[in-house]
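Observations on chain architecture
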Amino acid sequence: MAKKIIPWYQPQTGSLERKLISQVLKSDYLNEGEYTTRFEKETAKLIDAKHVIAVTSGTIAIFLSLKALGIGAGDEVIVPDLTFIATANAVDLCGAKPVLVDINPNNLTISVNAIKKAITKKTKAIIPVHVSGRGADMEEIMKLARHYKLKIVEDVAEAFMSKYKGKYLGTFGDAGCFSLSPFKVIMTGQGGLIATNNDKLALYLRQLKDQGRPRQGTGGDDIHPVRGYNFKFTNLQAAIGLGQLAQLESRLEKIRKTYKQYSNKLISKNFSLFEFNIDSGEVPLWVDGWTKNRNKLSDYLHAKNIGCRNFWLPLHRQKPYRLADKNFSYSIKMSSQSLWLPSAFTSSSKDIDLVCREINSFFK
Ligand SMILES: Cc1ncc(COP(=O)(O)O)c(C=O)c1O
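Since we're looking at a predicted model, the values are computed, not measured.

**Overview of the nonpolar core**
Phe39, Ile47, Ile78, Ile115, Met138, Ile141 and Phe160 are the most contacted members of the largest nonpolar core, which totals 65 residues. For this core, the element with the most residues is helix α6 (residues 138-148), which contributes five residues. Other than its neighbours up to four places away in sequence, Ile78 contacts Val99, Val101, Ile110, Ile115, Ala118, Ile119, Thr123, Ala125, Ile126 and Ile127. Within the second largest apolar cluster, 34 residues are counted, among which are Ala90, Val91, Cys94 and Leu201.

**Some remarks on the site of the ligand**
Near the ligand there are 15 residues, and of these Thr59, Asp155, Glu158, Ser179 and Lys184 occur at the shortest range. Here an oxygen atom of the ligand sits 2.7 Å away from a polar atom, N or O, in the side chain of Lys184. Summarising the interface, the protein chains cover 91% of the accessible area of the ligand, which totals 390 Å² for the free molecule. With respect to the detected pockets, the ligand is housed in the second largest pocket. Among the secondary structure elements, those contributing two or more residues to the shell around the ligand are α3 (58-68) and α4 (86-93). Here the residues of the shell around the ligand are counted per class, giving four nonpolar, eight polar and three charged.

**Concerning the packing of aromatic side chains**
Inspection of the entire model under this criterion finds 19 aromatic pairs. On the basis of an interplanar angle of 55 degrees and a centroid distance of 6.1 Å, the ring pair of Tyr9 and Phe183 is categorised as tilted. With a gap of 174 residues between them, Tyr9 in the segment before α1 (15-27) and Phe183 in the loop between β8 (175-179) and β9 (192-196) connect regions that are remote in the sequence. Here Tyr9 falls in the buried class, since its relative accessible area comes to 4%. Look at Phe183 and you get partly exposed, because its relative accessible area is 34%. Among the aromatic side chains, those forming a connected cluster through ring pairs are Trp8, Tyr9, Phe183, Trp286, Phe311, Trp312, Trp340 and Phe345. It is Arg134 that lies over the ring of Phe276; its NZ or CZ is 4.1 Å from the centre.

Parameters at a glance
- Residues numbered from 1 in each chain as written.
- Predicted model: local features only at pLDDT ≥ 70, side-chain atom pairs only at ≥ 80, totals over all residues.
- Heavy atoms only, no water.
- Core = buried A, V, L, I, M, F, W, Y, C linked by side-chain atoms within 4.5 Å.
- Buried < 20%, exposed > 50% of the residue type's maximum accessible area, 1.4 Å probe, protein only.
- Helix = DSSP H or I, 4+ residues; strand = E, 2+ residues; numbered from the N terminus.
- Contact = heavy atoms within 4.5 Å.
- Near = heavy atom within 4 Å.
- Polar contact = N/O pair within 3.5 Å; in protein donor to acceptor, adjacent residues only side chain to side chain.
- Areas by Shrake-Rupley, 256 points an atom, 1.4 Å probe, with all protein chains shown as cover.
- 1 Å grid on protein atoms, 1.4 Å probe; cavity = no way out; pocket = protein on both sides within 12 Å on 5 of 7 lines; lining within 4 Å.
- Sits in = over half its atoms within 2 Å of the grid points.
- Nonpolar A, V, L, I, M, F, W, Y, C, P; charged D, E, K, R; others polar.
- Phe/Tyr/Trp six-rings, centres within 6.5 Å; stacked < 30°, edge-to-face > 60°.
- Lys NZ or Arg CZ within 6 Å of the ring centre and 35° of its normal.

Geometry only, nothing functional implied.
Okay, structure coming up:
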């Protein structure tokens, strides 16, 4: 019998998703519609946001937010060097220049000092990324934003339902951009959400995602006050999202439990977990840690059928955004030493115990 694989992450759908999808199919209204609106309203309520606008992906959520905030050619947007490349690609898509800065090695999020050094006359926005569900230093970042009159677009792709100092991530800045791609607490195959408390911005985002119309039209004699595109989120996707929401509480509970289990059971001094502040509401979506033996540990775990994932390469070392190494010492170091441990809400506590035992025995 093939040995059981403990996955790094595992999306899951259930009977409610199937029931809701079949309702949508029966209605023959597969376009963006009432299920989309329901999903937007429910997610907005969950994170205490005035508006949530559903779009086709997290990348497009960031692109549209920047565009709606008036950012484009000639502008600079500050982005951490250690993130999924989508963050920088979204800046590129709106015509602005992503300015990469180093990270804080203790929590893997954007370094406030590095932001300060990177601000120029052309800087229009900062995109803090809440890596693995862990909040960037939003207090200091919001102070900088007020001082320099910069826009803040939070990349909350990995941090749905995660709180920083008691407030939901994604609701600090002008806009918060969530991803609904598969390795998230809830997913719709592909999809994204934009949270904002700004009425004007919300209206403009709705226009941008639907051909410049403020409300859904027929394609006939609609009024299009502004230019817009098509990044609509269909009833079919929303049906999956609504079904996923029914599992949210139990998933969040399991995610917290898994992190606590790792932090209690991993005993080697040669392996450190990055901490989460569970008491203040952080959600450890992906449990991450670091060791000087990262590559060997990763090979060892894979050989034991335990899924893990090495950290992203620093963006400044990827061809489209290539820069010299000199300003990125922490992102270079942490990228090569960090990995994500199995974090699937479908994994049992027995599975996580086994992973801990294997990691402890690797370092023995
Ligand atoms: C930090 C970060 N930003 C942006 C994205 C992009 O989201 P999407 O894949 O929905 O476009 C992701 C995706 O997982 C991500 O992890």
